[in-house]
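Per-entry structural report
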Amino acid sequence: MEWILLFVSLSLLAAFLLLWRRYVAMSGQLRKKETLFHVSMQLNSTIRKKELLRRIMDTAALVMRSEASSIILVDRDKDELYFEIAIGEKGDQVKEIRLRMGEGIAGWVAQNGEAVIVNDAANDARWSSKVSNKVGLPTRNLLCVPILNRGTVIGVLQVLNKRGGQHYDNDDRELLETIAAPTAVALENAQLYEALEHSIQVLKETTAAKERMESELKIAGDIQMSFLPKHSPVYENGRVGVYARLKPAKEVGGDFFNYYALDERHLFFTLGDVSDKGIPAALFMAVTMTFIKGKLSPGGTPAQLLSQVNTELCKDDPSMFATIFCGILNEETGELAYCDGGHNPPFLMRGDGRAIPLLGRKGVPLGVLDTAEYHDQSVTLEPGDRLLVYTDGITEAENAGQEQFTAGRLQELAARLSGLSNRDLVEGILAEIESFAEGYPQTDDIAILAIQRKNQKG
Amino acid sequence: MTVDIIQEHDSVVLVLEGRLDGNSSPDVELAFARLLEQRQSRFVFDCAALQYISSAGLRVVLTAAKKLKSAQGKLALCQMSEPVKEVFEMAGLHTILTILPTRGEALTAIRA
């Protein structure tokens with residue numbers, strides 16, 4: 001009878017032991033799953049990298065019953081590892097420490113892609129006391145696993161000093177690896193998010209800079225336009241007709257023109273080109289125009305005017321200059337006194353259809369040399385004759401083939417359109433430039449002025 | 001646009017090659033500024049390989065001339081092609097800049 005009792009007891013004991021082992025195993029698995037769940041909740045709780053790292057380390061230290069935990073990330077460009085932050089009693093001190101690939105336990109793990117258990121840190125050849133020295137936290141033992149993303153080591157996850165003086169074992173290693181696995185993806189996402197935030201910031205700054213520049217361009221454009229004659233583009237009386245147009249480039253280049261009656265008989269006109277672009281050019285142009293208006297006096301000649309304006313401009317040692325052409329037309333006699341300050345020679349369009357460059361003694365542009373000399377020249381416009389003044393925005397207009405329009409082509413065009421009115425002549429030239437450019441953007445201001453001595457009636 | 005810098009004893013020859021326009025003028029400006037910092041004061045701009053110069057390019061040359069004037073330096077330009085020379089003449093700059101046919105003459109002129 002005792003045999004049966006013994007047999008049953010042993011069976012029960014065996015069953016109990018089996019169940020117990022099963023229980024322990026399942027308990028272990030349950031613990032693992034709980035940990036995974038907990039970790040995954042943490043990983044999904046934030047997309048911000050710093051926050052994420054902190055949570056991973058908090059979780060790892062907690063689950064692994066360790067005093068401290070660190071994540072050390074790999075910097076592929078420099079072949080180094082770096083601490084972002086660390087927690088534990090001395091957490092705030094481990095801010096930015098760099099290790100060479102292969103240096104210390106972390107370096108070894110990163111290099112070899114394998115986990116390491118070190119239960120006696122001081123006596124391990126691979127151990128580098130760099131970090132613990134800096135922090136003053138003596139390391140007794142540690143467990144380090146690689147964080148793998150698609151086969152590449154992107155960092156290592158470490159836990160230090162298992163509580164209760166205990167050692168790390170393989171179960172611990174498996175558990176930490178379980179934590180490390182989803183960490184990789186979460187880190188990648190956080191890094192992508194960080195990159196995205198950075199791009200957005202750069203975009204914001206670029207947009208702000210662009211808006212600032214555009215408003216500056218607008219200001220330059222407004223300044224330029226405010227200095228044009230109020231009755232632009234046409235000025236007409238019985239004896240002369242003027243038609244003038246300014247086509248600014250996107251980046252205002254400081255072309256200018258103006259004309260007004262000095263008295264009942266004399267018409268003054270000027271056209272010029274400042275060497276720079278944007279607001280500085282617009283301001284220089286504004287100053288020049290103001291001096292011109294101010295220095296113009298009855299009986300004064302064009303050369304005297306340019307000389308005085310030049311002297312004023314040069315007082316401030318400008319970094320810019322302005323080419324300029326100006327003239328005073330006697331509306332009754334047709335006599336034109338003119339002066340050239342380094343400007344493109346205008347075309348004299350005779351009534352018979354010829355277009356000839358108006359040459360003469362060259363002066364230099366305004367603002368170049370305070371002792372520069374300017375010279376008056378003179379020519380007579382017969383009834384029907386015209387003077388076409390323009391800036392190099394026309395002759396240097398480019399198309400996609402880097403071909404320029406050239407003065408020669410302009411001369412030929414002017415001759416061809418010579419039978420037309422001032423307006424049709426100027427608009428015709430502008431249209432021709434546009435079609436020549438074939439959509440290629442206009443890089444320089446265009447200014448063009450046609451002044452005609454009318455044919456006497458009868 | 002490329003700028004070659006050749007030291008000829010106490011003078012510097014800047015050999016300009018290509019197009020001198022709004023895009024390339026900063027390079028020339030920079031090269032010149034650096035040489036000025038090194039206390040160079042005698043310059044020749046060799047324009048033999050200069051295909052084209054725009055008003056922005058003229059501005060660089062004029063600025064260089066101005067800076068040299070205040071530093072009591074000398075500048076001469078040489079070997080200009082006809083089209084490039086015309087651009088300078090149209091701006092009236094041939095009346096205030098020293099423009100000579102050969103590099104030798106230019107070097108002599110700045111040492112005078």
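To keep things clear, this report deals only with the structure shown in the data block. Since we're looking at a predicted model, the values are computed, not measured. (Residues numbered from 1 in each chain as written. Chains lettered and ligands numbered in written order. Predicted model: local features only at pLDDT ≥ 70, side-chain atom pairs only at ≥ 80, totals over all residues. Heavy atoms only, no water.)

What follows deals with the overall build of chain B. Across its full length, chain B carries four helices and five strands. Going residue by residue from the N terminus, the α and β elements of chain B occur as β-β-α-β-α-β-α-β-α. Residues classed as buried in chain B amount to 43% of the 112 residues present. Per element, the accessible surface of chain B, about 5,400 Å² overall, is 50% carbon and sulfur. (Helix = DSSP H or I, 4+ residues; strand = E, 2+ residues; numbered from the N terminus. Buried < 20%, exposed > 50% of the residue type's maximum accessible area, 1.4 Å probe, protein only. Areas by Shrake-Rupley, 256 points an atom, 1.4 Å probe, with all protein chains shown as cover.)

To continue, consider the overall build of chain A. When helices and strands are tallied, chain A shows 10 helices and 17 strands. Expressed as a percentage of its 458 residues, the buried residues of chain A come to 48%. About 23,100 Å² of surface is accessible on chain A, with carbon and sulfur atoms providing 55% of the total.

Turning to the layout of surface pockets, a few remarks are in order. Of the voids in this model, the largest pocket is the one considered here, and its volume is about 930 Å³. Around the largest pocket, the lining is made up of 38 residues, and of these K277, T443 and D444 of chain A together with G22 and S54 of chain B lie nearest the centre. Among the elements that take part in the lining of the largest pocket, helix 2 (residues 55-70) of chain B stands out by supplying five residues, more than any other. If you add up the space inside the second largest pocket, you get close to 740 Å³. Lining the second largest pocket are 29 residues; nearest its centre among them are V368 and L369 of chain A together with A65, K66 and K69 of chain B. Secondary structure elements with two or more residues in the lining of the second largest pocket: helix 2, strand 4 (74-78) and helix 4 (103-111) of chain B. Per-element tally for the lining of the second largest pocket: the top contributor is helix 2 of chain B, with nine residues. The residue makeup of the lining of the second largest pocket, split by class, is 15 nonpolar, seven polar and seven charged. (1 Å grid on protein atoms, 1.4 Å probe; cavity = no way out; pocket = protein on both sides within 12 Å on 5 of 7 lines; lining within 4 Å. Points joined across faces, edges and corners; volume = space filled by probe spheres on them. Nonpolar A, V, L, I, M, F, W, Y, C, P; charged D, E, K, R; others polar.)

Time to look at the sheet that holds strand 2 (residues 11-20) of chain B. All names here are of chain B. Sheet architecture is open: five strands sit in the order 1-2-3-4-5, paired in mixed fashion. The sheet is open, and its two edges are formed by strand 1 (2-8) and strand 5 (99-100), each paired on a single side. When strand 2 meets strand 3 (residues 42-53), the two strands line up parallel, connected through eight bridges. Within the sheet, the bridge partner assigned to E17 lies in strand 3 and is A49. Set on the sheet, helix 2 makes contact with strand 2, strand 3 and strand 4; between it and strand 3 the angle comes to about 175 degrees. Helix 3 (residues 82-90) rests against strand 3, strand 4 and strand 5 of the sheet, and its axis sits at about 115 degrees to strand 3. (Pairing = 2+ DSSP bridges. Contact = heavy atoms within 4.5 Å. Axes fitted to C-alpha atoms, helices over the stretch in contact; angles between N-to-C directions.)

A separate point is the pairing of strand 8 (residues 240-247) of chain A. Residues and elements named next belong to chain A. The element strand 8 is largely enclosed, with a buried count of six among its eight residues. When strand 7 (residues 234-236) meets strand 8, the two strands line up antiparallel, connected through three bridges. When the sheet's bridge partners are listed, V234 is paired in strand 8 with Y243. In textbook terms, the turn of a hairpin is the stretch between consecutive antiparallel strands, and for strand 7 and strand 8 this stretch comprises three residues. Note: strand 8 against strand 17 (residues 446-453), eight bridges, orientation antiparallel. Of the residues in strand 17, the one forming a bridge with V242 is I451.

As a further point, take the packing of aromatic side chains. When we look at a pair of aromatic rings, we describe it by the centre distance and by the angle of the planes. Residue and element names in this part refer to chain A. Scanning all chains against the criterion turns up 10 aromatic pairs over all chains. Between Y235 and Y259, the ring centres sit 6.0 Å apart and the planes meet at 55 degrees, which makes this aromatic pair tilted. With Y235 in strand 7 and Y259 in strand 9 (residues 255-261), this residue pair connects regions lying 24 residues apart in the sequence. As far as the burial class goes, Y235 and Y259 line up, both buried. Grouping aromatic residues by their ring pairs yields a cluster made of Y235, F257 and Y259. Across from the ring centre of F405, 5.5 Å away, lies the NZ or CZ of R409, which sits over that ring. (Phe/Tyr/Trp six-rings, centres within 6.5 Å; stacked < 30°, edge-to-face > 60°. Lys NZ or Arg CZ within 6 Å of the ring centre and 35° of its normal.)

On to the interface of chain B and chain A. Taken together, the 17 residues of chain B in the interface contact 22 residues of chain A. Between chain B and chain A, the buried area comes to about 1,500 Å², and carbon and sulfur atoms account for 53% of it. On the chain B side of the contact with chain A, R59, K66 and M90 of chain B bury the most area, a combined 39% of that side's loss. Taken together, the connections running from chain B to chain A amount to three salt bridges. The closest approach of N and O atoms between R59 of chain B and D276 of chain A, which form a salt bridge, is 3.5 Å. Applying the counting criterion to the chain B and chain A interface returns five residue pairs in polar contact (both at pLDDT 80 or more). Breaking the side of chain B that touches chain A down by element, the ones donating at least two residues are helix 2 and helix 3 of chain B. Among the elements that make up the side of chain B that touches chain A, the one with the highest residue count is helix 2 of chain B (six residues). The residue makeup of the side of chain B that touches chain A, split by class, is seven nonpolar, five polar and five charged. (Buried area = accessible area lost by both parts, 1.4 Å probe. Salt bridge = Lys/Arg side-chain N within 4 Å of Asp/Glu carboxyl O. Polar contact = N/O pair within 3.5 Å; in protein donor to acceptor, adjacent residues only side chain to side chain.)

Once that is clear, we can look at the pairing of strand 11 (residues 322-330) of chain A. All names here are of chain A. When you tally the buried positions in strand 11, you get nine out of nine residues, the bulk of the element. Strand direction decides the pairing type here: strand 11 and strand 12 (residues 335-341), joined by six bridges, are antiparallel. Bridging across to strand 12, I328 finds its partner in A337. Linkage of strand 11 to strand 12, two consecutive antiparallel strands, is achieved through a turn of four residues, within which G334 is found at a positive phi near 80 degrees.

All names here are of chain A. Direction vectors running N to C along helix 9 (residues 407-416) and helix 10 (residues 422-437) enclose 135 degrees, while the axes themselves pass 10 Å from each other. Our classification of the angle between helix 9 and helix 10 gives oblique. For the pair helix 9 and helix 10, the sense of crossing is right-handed. Listed contacts from helix 10 to R409, L410, L413 and A414 of helix 9 are L425, I429, E432 and F436. In terms of residue class, the contact of helix 9 with helix 10 is built from six nonpolar, no polar and two charged. (Parallel < 35°, antiparallel > 145°, perpendicular 65-115°, else oblique. Left-handed = near helix turned anticlockwise from the far one by under 90°.)

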